[in-house]
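# A look at the structure
Next come the chains, spelled out residue by residue.
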Amino acid sequence: MNKFEINLDFSNVDFSSLETEEDFQTEARKLLPQALVKLGESVGEKTWEELHKNLKQGGTKLNSSQSEKRKFIQETGRSYQRKASNRERQELEAYIIEQLHQHK
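Below is a short write-up of the structure.

Rules and cut-offs
- Residues numbered from 1 in each chain as written.
- Predicted model: local features only at pLDDT ≥ 70, side-chain atom pairs only at ≥ 80, totals over all residues.
- Heavy atoms only, no water.
- Helix = DSSP H or I, 4+ residues; strand = E, 2+ residues; numbered from the N terminus.
- Rg over C-alpha atoms; globule rule 2.2 N^0.38 Å.
- Buried < 20%, exposed > 50% of the residue type's maximum accessible area, 1.4 Å probe, protein only.
- Contact = heavy atoms within 4.5 Å.
- Areas by Shrake-Rupley, 256 points an atom, 1.4 Å probe, with all protein chains shown as cover.
- Lys, Arg positive; Asp, Glu negative; His and termini not counted.
- Charge placed at Lys NZ, Arg CZ, Asp CG, Glu CD.

## Overview of the overall build of the protein
Looking only at helices and strands, one finds three helices and zero strands in the protein. Tracing the protein from N to C terminus, the helices and strands come up as α-α-α. Here the C-alpha atoms of the protein give a radius of gyration of 17 Å, more than 25% beyond the 13 Å that 2.2 N^0.38 yields for 104 residues. With respect to the three principal axes, the spread of C-alpha positions in the protein is 55 × 25 × 25 Å. Looking at the protein as a whole, 32% of its 104 residues qualify as buried. Pairs at least 24 residues apart make up 79% of the contacts formed inside the protein by residues separated by at least 6 positions. Accessible surface, the protein: about 7200 Å² in total, of which carbon and sulfur atoms supply 46%. Counting 17 positive and 18 negative side-chain charges, the protein places the centres of these two groups 10 Å from one another.

This is the structure in structure tokens:
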């Protein structure tokens, strides 16, 4: 199972220009900020669902709207992009390179 649960958008990638490993690394670095946000949003969505499931089980009434959920997920994505460790960034970059190779 893959540790990254994100769908990357490769629609703007010119795969014909990807020839060397350096080309793949350069493209992955361009895609990294977007991928970090998407990964953070995925974490945010799971966190939101888990929190609300636990609160419901505890008998707490929830009055949360879709806009509150969307705001939470978006903020989690932006926060993850800013605070991801170098190791996380490197692992995600390696994953993007792997995905680029598979799509080429």
